[in-house]
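Working through the structure, step by step
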Amino acid sequence: MSNKISTAVRRVDAVEKASGRARYISDYEFKGLLYARVLRSEKPRAKITGISKPDFPEGYYYIDGKDIPSEGRNNIQMIKDDWHVFAEGEVRYIGETIALVVGPDKEKVLQLLSEIRVSYKEEEPAYTIAEGLACKGGPLFGDDNIYGEYNLVKGNPEEAFKNAVKVVEGTYKTGFQEHLYMEPQGMVGTWEEGKLTIYASAQCPFYIRKSVAGVIGVDEKNIRIKQVTTGGAFGGKEHFPDVIATPLAVAVHKLKQPVELVFDRIEDISFTCKRHPSEITIKTALDKNNTILGMDIDTRINGGGYESSTLIVLQRALLHGLGVYNIPNAHVRGRAVATNTFPSDAYRGFGAPQGLFAIELHMSQVAREAGMLPADFKRKYFIKTGDMTVTNTTMKDVVKLEEMFKAADDMSDYSRKVKEYEHDPLKGIGISFVNHGGGFTGNGEQEIIKSVVKMKRTGEKKAALYVSNVEMGQGLQTVLRKIAAQELGLDYTDIDYDNPDTDIVPDSGPTVASRSTMVVGYLIQECAKKLKTRWDEGIGTETEHHYVHPPGLVWNQDTLQGDAYPSYGWGLNVVEVEMDPVTFEIKTTGIWTVFDVGIPMDDTIMAGQVSGGVIQALGYASMEKCEVLDGRFRQHTMADYVIPTSVDFPEVKNVFIENPYAYGPSGAKGAGELVFDAAAPAYADAVQQLTGRNIYEIPVTPEMVMGALK
Amino acid sequence: MVDSYKPATLKEALALRKQHDLIPLAGGTDLMVKYQSWSGTLPRFPKGALFISRLPELKGIEKRGESLIIGAGATLSDVAAFPDTPKVLRDAVLSIAAPGIRNIATLAGNICNASPAGDSICALYALDASVVLQRTGSERTVPVMKFITGPGKTVLEGDELVTAVIVLLEKANISIFKKVGTRKANALSKLSFSAVAEVKGGVIDGIALAFGAVGPTVVRSVELEKKCIGKKRSEIESNIEEIVRDYSTMIVPIDDQRSSAEYRKQVALNLLRNFLTEELAGGMR
């Protein structure tokens, strides 16, 4: 049965984007615009011993930490404020911002940059998780290079391992992943009506406002952020824009002139955050019947040179560490490691894909150790409503994994193929099951974000909605309009929803964590209901709605115990592959997915999310190699950092299983990250079957397949 | 800031070439990337640019006797579309980049860029192609195999221009081009392999095998190929491992951001073995 809200409409931004009329930050014109370029660290770890500069002609400026107003501070307030706006005497990664060179002529700016000499006293860098943990070159953070450590314990894992007849162990590794949004990072800062104003390609206007206000040393209300049409983000424009906005703000505050800071593509790949690399060791204790007694999971992620939001990413990796399974006894440990790579940050899934990759691949390997096929084994441990989670509370979702498996099996013929390919050296089929907590972890929504949305009647049959959440290609401007329109009995095109401007919209939180539809959409739904009851008060009537945490959920942020998420999206992916025995290239011959996102909010938009998320994850799984060589990303051009094209993978065949969520708009749950989570382990599992060898690392390149077959 | 020149005729272009130290630029798809700078600024060309893509003398492709004369201004799309283009070259050209690039990039430019991973170069080695080099008052023809001397290095003199590429039309009845790229389309090569062979009366009358991206230049050995001439199918089949062994010593690739030396070597030899077994021996049946 299809819901009315699921019926696809034409996206409000479809024509202007497809026709090229949409204006992105580089398309704006500002009178007297100056151009900024970053003076970057050339060393991964060093003390700055001196900087020699040429004489700057009039109208050209060297902007650094000395230009920060005395009321401000040289720290970027992200989750942690350790990342500096401008390097302070030392550098911790290649590309770290030392200064901006600003001026009206780009050629002259480049020339001045080329004449600046930075002298360094070099220190020994640590790049990998192992080097970080070994404190190579001496600790970079604290006395052990560990930004943070967590331990989640369920049941009695020690006892489980004591009673084990067999222990299966594996260490699973994932690499950096570049977002490769279509539009590189960029913004323009201006001084408008006595106010520092930034036009930004970004996900979180209020995050930028907070960071900039702290750096300039003014009340947040004295800073204005206007989001402009954003050409993709995938988490790359969650925190990182603060790293651009803050030095830019310092320049604009000093010069009172418009300044542009837009990255070129190679600059963007080379010097922006990537997904956290991970190494996760899982041990599973089995009894004599090959039943799982317990698990020990040790998660390490590479945070890079500054902590920033790394611990929140780590938390999500751990909270998804047991995947969709009810494991009776478990110890999930996590450490975030300081190294001298570019700081890692948010990327679609925010740690969950790393944790889920490890547990899914491991469960497939344990299945084979137990003499069973992966799906048969995994299904025995599916968590059910009321079972205990890794944070020692009950699973409150209605879990439909069995129904989802049946749908996938019908579509893909998995059960027959997995047996047939068991001894086929050229074919394999893999399966993975995941869930993804929607919204902020734990008490983030109710204690930190405290979202507010606003609506207004603006005409006879017109209304406007005011939120801080942005359209970044995911379809939000269409979906939120549909939600509001449904309540008001209007057409979705009768609702206005402009790109957010922090002087106009309330803070409904960042556009992250699969929360925009589920959390903000619900607030809009409730806000629209209020507006409807007051509709007759006339044009200009406004209503507001504030976030209220769903009842019956508890959370302790200190111990990470309780209901980690208000609800979960659920998913399963089946991936079928063939190998070319001459070149070891893997061809994907089928992709079948089943997702429970509550109620899909728009069939076309959700089909886009599924295709995009799944193929992005298959790129991560198969080709997106991103190595660090001497502190730099080795694949830093679009020629060498390869993402899938339309011919690399077949069409994704998907069905949704409806499972309405009481506190989502029309029953919707989070979806944007869930669709990324399952494809990488399914792909690796398929290659495992094909090669008959365990896979422990992605991307699974042809080079790696050749090595495995040796 | 450097000067740029846009001559109207080949004669004028050659005169400018003699007069100044200039970089010839046809499609610019390699050069503009190589010398790119901050967007909105000029590319950082180390010397002046000589724009040659519009020269009428360099346009066009024609069949002359047993040869194909491909003007230096002919784009990859032109080459792919020309009906008499040998299959191995057509396949190689169509494996390069994407249609937009192929519409502007030239075959001559791909040769002059002299990348060991240049896909058309691999095919041109196997086709015994030559380039025509002109300077004011003289002309010489150099085999592509001799024209390219190393990565990015050619014997082109400062006052010369490549004006045409000459490809001998295949008598080959067996012909393959195989590219192993970083993905299925719009990709650079990890390695490539071109093979053409002519089988007459059950024996090999001619054969050429070329390997791209497995050494500083495309690898081809006329010596080793000679060993196959005059051989029957059964003789090839019984010598496959020996042939593979011979090539194994010649193929010495490197590790880089796109692949590993070990993979390149193994797969190059696999492609060779597969060609000998399937296409060659199979084609002699």
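Residues numbered from 1 in each chain as written. Chains lettered and ligands numbered in written order. Predicted model: local features only at pLDDT ≥ 70, side-chain atom pairs only at ≥ 80, totals over all residues.

So, about the overall build of chain A. Scanning chain A from N- to C-terminus turns up 19 helices and 27 strands. The C-alpha atoms of chain A give 25 Å as radius of gyration, which agrees with the globular expectation for 710 residues (27 Å, within 12%). With respect to the principal axes defined by its C-alpha atoms, chain A has extents near 80 × 70 × 50 Å. Looking at chain A as a whole, 58% of its 710 residues are labelled buried. Taking contacts inside chain A between residues at least 6 apart in sequence as the whole, the part at least 24 apart equals 80%. (Helix = DSSP H or I, 4+ residues; strand = E, 2+ residues; numbered from the N terminus. Rg over C-alpha atoms; globule rule 2.2 N^0.38 Å. Buried ≥ 20, exposed ≤ 12 C-beta atoms within 10 Å, placed from the backbone. Contact = placed C-beta atoms within 7 Å.)

Moving on, we get to the domain arrangement of chain B. Residue and element names in this part refer to chain B. You can read the domains of chain B as domain 1 (4-168) and domain 2 (174-283). Listed as interface residues are 23 residues of domain 1 and, on the opposing side, 21 residues of domain 2. For the side of domain 1 that touches domain 2, the elements supplying multiple residues, two or more each, are α4 (87-94), α7 (119-126) and β8 (148-150). By residue number, the principal contributor to the side of domain 1 that touches domain 2 is α7, which donates 6 residues. By residue class, the composition of the side of domain 1 that touches domain 2 is 16 nonpolar, 3 polar and 4 charged. (Domains from an automatic or database assignment. Nonpolar A, V, L, I, M, F, W, Y, C, P; charged D, E, K, R; others polar.)

All names here are of chain B. Two elements in contact, α4 and α7, have axes whose closest approach is 8 Å; the angle formed by their N-to-C orientations is 170 degrees. Taken together, the axes of α4 and α7 lie roughly antiparallel to each other. Side by side, α4 and α7 meet where Val88, Leu89, Ala92 and Val93 of the first sit next to Asp119, Ser120, Cys122, Ala123, Leu124 and Ala126 of the second. The residue makeup of the contact of α4 with α7, split by class, is 8 nonpolar, 1 polar and 1 charged. (Axes fitted to C-alpha atoms, helices over the stretch in contact; angles between N-to-C directions. Parallel < 35°, antiparallel > 145°, perpendicular 65-115°, else oblique.)

Moving on to the interface of chain A and chain B. Across the contact, 22 residues belong to chain A and 23 residues belong to chain B. Contributing elements (two or more residues each) for the side of chain A that touches chain B: α2 (106-115) and α19 (702-709) of chain A. Looking at the side of chain A that touches chain B residue by residue, the class counts come to 10 nonpolar, 3 polar and 9 charged.

It is worth spelling out α4 of chain B at this point. All names here are of chain B. The complete set of buried residues in α4 reads Val88, Leu89, Ala92 and Val93. In a view along the axis of α4, the buried residues occupy a sector of 130 degrees, so they form one face of it. Residues of α4 that are buried in the fold lie against α3 (76-81), α7, β10 (161-168), β11 (174-181) and β12 (189-200). (Arc of directions from axis to C-beta.)

Here the focus is the sheet that holds strand β8 (residues 166-174) of chain A. All names here are of chain A. The strand order across the open sheet built from 5 strands is β7-β15-β14-β13-β8, with neighbouring strands paired in mixed fashion. Edge positions in the sheet fall to β7 (146-154) and β8, since each of these pairs with one other strand and no more. Averaged over all pairs of adjacent strands, the angle between strand axes in this sheet comes to 10 degrees, irrespective of strand direction. As paired strands, β8 and strand β13 (residues 278-286) are joined by 9 bridges and run antiparallel to one another. The residue of β13 that forms the bridge with Glu169 is Lys283. (Pairing = 2+ DSSP bridges.)

Residues and elements named next belong to chain A. Per the domain assignment, the segments making up chain A are domain 1 (25-123 + 179-270), domain 2 (278-441 + 561-709) and domain 3 (444-546). The C-alpha-based centres of domain 1 and domain 2 are spaced at 36 Å. Opposite the 24 residues of domain 1 that make contact, domain 2 presents 24 residues. Broken down by element, the side of domain 1 that touches domain 2 gets its largest block of residues, 4 residues, from helix α7 (residues 265-270). The residue makeup of the side of domain 1 that touches domain 2, split by class, is 11 nonpolar, 6 polar and 7 charged.

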